[in-house]
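An overview of the molecular structure
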Amino acid sequence: MSDKPWLDKIKAIVGQQYGKVYAWDHVNQPMIRQWCEVMGITNPLYLDEAYAKTTEFGQIVAPPAMLQAWCLEGLHMNNYPPGSTDENPYEVLKRFEAHGFESVVAVNSDLSFARYVHLGEKLYYTTILNDVGDEKVTALGTGYFVTLVMRFYSEQANGADEYVGQLTFRVFKFAPHQKPTPQTDDAAPAVPKILRSKPGISQDNAFFWEGVKARELRIQQCQSCEALQHPPGPVCQHCQSDELSYIVSSGKGSLYSFVVMHYPEVPPFEYPNPIGLVELAEGVRMVTGLEGFAKGELAIGSEVELVFNEFEGELTLPMFRKVGA
Amino acid sequence: MTLNKSVTFGGVALGDELPKCHVPITTTLITAGAIATRDYFPGHHDKDAAQALGSPHVFMNILTTSALVQRYVEDWAGPACRFVDMQIKLGVPNYPGDEMVFSGEITAVDEDKQQIEVTLKGKNSMGNHVNGSVLLRLPLQ
């Protein structure tokens, strides 16, 4: 039981099965050809009868990823071909709409294929409402993940219809975080482009980032005790003097430690993303992006050298690469 | 696609990487892809409708993403491969003007069934549009 009686009512229909929804058209070459043309698919198995005859199918078959498309209703929602069920296999989504969860986005499509379908077959599917999740807050809004399982069949004249594949389709039915503001002029919002964060520059580290602009890797040095330190700070961490200057690093070093980021993948970085703790020849250590290492090649002690990389023409970052890479 | 370019089961190994593939995302691909998959949801073909939903532009439908995943895998494997299973999960949307770069790797090999699993992702400027895995049966030779 949840604290929402209406949600309990929706969850009570999980497991419900819905009857046949037919395809408007038999599997046919024009729809296959147009699909392939748009998607850039040139496999002769779907397009070239002479080639298809040489395969185990003996004739042209439909691209497997088209399976769901055959049985979609087309322009008019829920306008199913004659012979289809009167039920709405998506009634669960309608029920959520009544409670303010109006938006929907497809999240998962898991297709499995028992066999390829060939020209002339008449397809239909049946649906099971497989799961309704608990309330989740995502980047899009607050809502519910709904999972439907559709089983696809080919109708046979003798009544022994053949199972051809299955689609587990998961959608997020949600209320958006903010009501979108309709555009009233032609100025469309730009497609967002995610860039690397810029550094936070303060009085203490400004010399470091000015050095990067000048293609120098600067290490803070105490004028009183001559000790080096990184990252930069307001006072010497050895003698607490505030008389600080810097030296320019040779850019040579070795890998003191490293980590390889795999998950979660955060734009705009490339993954796997190797990050090193580099011990500079001068003695201080620096956290930095790494490059030039093949998979499995990273090792503590590897010799590395400084490179400056430019991002989007407006950000320069010191990074380290394998010597000789 | 050349007819004799099929990848064979004996010719691949666990950990092999597929060549990357760059897919320009255009308004034409998004709208024509939606219609070719019989998906007339307005957000896939009508910019005003997409913007009223809070999107900057029309966005790709999941059936087009599935098709592009099929294309990426079979362009590499050749016409003799057979799809057994295709699982995809969508992340950030594909909008016009972007580019999606597919990368993939063989993450499982089943000797008995002559099948391999390809784990793949399609990344655009905002992150991963799609993560997926495809089970594929390959010819022996």
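Residues numbered from 1 in each chain as written. Chains lettered and ligands numbered in written order. Predicted model: local features only at pLDDT ≥ 70, side-chain atom pairs only at ≥ 80, totals over all residues. Heavy atoms only, no water.

A few points about the sheet that holds strand β9 (residues 244–248) of chain A
Residue and element names in this part refer to chain A. The strand order across the open sheet formed by three strands is β8-β7-β9, and the pairing between neighbours is antiparallel. Of all strands in the sheet, those with a lone pairing partner are β8 (228–229) and β9, marking the two edges. Taken together, the five bridges between strand β7 (residues 218–222) and β9 define a ladder with antiparallel strand orientation. Note that in β9 the partner of Ile219 across the bridge is Ile247. (Pairing = 2+ DSSP bridges. Helix = DSSP H or I, 4+ residues; strand = E, 2+ residues; numbered from the N terminus.)

Here's the deal with the side chain of Arg82 of chain B
Its location among the elements puts Arg82 of chain B in strand β2 (residues 82–90). Polar side-chain contacts of Arg82 of chain B include one of 2.8 Å to the backbone oxygen of Pro79 of chain B. (Polar contact = N/O pair within 3.5 Å; in protein donor to acceptor, adjacent residues only side chain to side chain.)

Here's the deal with the domain arrangement of chain A
Taken as a whole, chain A is organised into domain 1 (5–176), domain 2 (201–248) and domain 3 (251–325). Of note, the centres of domain 1 of chain A and domain 2 of chain A, computed from C-alpha atoms alone, are 62 Å apart. (Domains from an automatic or database assignment.)

Focus: the interface of chain A and chain B
Contacts between the two partners involve 53 residues from chain A, matched on the other side by 48 residues from chain B. Counting the surface chain A buries against chain B, the share from its top three residues, Val38, Met39 and Val191 of chain A, is 13%. At the surface where chain A touches chain B, the tally comes to four salt bridges. With its nearest N and O atoms 2.8 Å apart, the salt bridge here joins Glu265 of chain A to Lys121 of chain B. For the pair chain A and chain B, the number of links is 18 residue pairs in polar contact (both at pLDDT 80 or more). Mapped by element, the contributors of at least two residues to the side of chain A that touches chain B are α2 (29–39), α4 (67–70) and β2 (103–113) of chain A. Along the lines of polarity and charge, the residues of the side of chain A that touches chain B split into 34 nonpolar, 12 polar and seven charged. (Contact = heavy atoms within 4.5 Å. Buried area = accessible area lost by both parts, 1.4 Å probe. Salt bridge = Lys/Arg side-chain N within 4 Å of Asp/Glu carboxyl O. Nonpolar A, V, L, I, M, F, W, Y, C, P; charged D, E, K, R; others polar.)

Some remarks on the sheet that holds strand β13 (residues 303–311) of chain A
Residues and elements named next belong to chain A. Spatially, five strands are ordered β10-β11-β12-β14-β13 in a closed barrel, and the strand pairing comes out mixed. The mean angle between the axes of side-by-side strands here comes to 50 degrees, regardless of whether they run parallel or antiparallel. Where strand β10 (residues 252–261) meets strand β11 (residues 273–280), eight bridges bridge the pair, whose relative direction is antiparallel. In the strand pairing of β11, Leu255 is matched with Val278. Where helix α6 (residues 206–213) meets the sheet, it contacts β12 (285–291), β13 and β14 (315–322), and its direction lies at approximately 75 degrees from that of β14. (Axes fitted to C-alpha atoms, helices over the stretch in contact; angles between N-to-C directions.)

Quick notes on the packing of aromatic side chains
All names here are of chain A. What the rule picks out here adds up to 17 aromatic pairs over all chains. Ring geometry for Tyr22 and Tyr124: centres 5.3 Å apart, planes at 55 degrees, overall tilted. Separated by 102 residues along the polypeptide, Tyr22 in strand β1 (residues 17–22) and Tyr124 in strand β3 (residues 123–132) bring together distant segments of the chain. Each member of the pair Tyr22 and Tyr124 is classed as buried. Among the aromatic residues, ring-to-ring pairing joins Trp6, Phe96, Phe101 and Tyr144 into one connected group. A cation sits over an aromatic face here: Arg196 above Phe311, 3.9 Å from the ring centre. (Phe/Tyr/Trp six-rings, centres within 6.5 Å; stacked < 30°, edge-to-face > 60°. Buried < 20%, exposed > 50% of the residue type's maximum accessible area, 1.4 Å probe, protein only. Lys NZ or Arg CZ within 6 Å of the ring centre and 35° of its normal.)

Let's talk about the nonpolar core
In this structure, Trp70 of chain A together with Trp76, Phe83, Phe102 and Leu136 of chain B are the most contacted members of the largest nonpolar core, which totals 89 residues. In terms of residues, this core owes the most to one element, helix α3 (residues 62–77) of chain B, which gives nine residues. The contact partners of Trp70 of chain A, leaving out residues within four places of it in the chain, are Ala23, Trp24, His26, Val27, Asn28, Met31, Ile32, Ala62 and Leu123 of chain A. In this structure, Phe207, Leu228, Leu255 and Leu280 of chain A belong to the second largest nonpolar core, which totals 24 residues. (Core = buried A, V, L, I, M, F, W, Y, C linked by side-chain atoms within 4.5 Å.)

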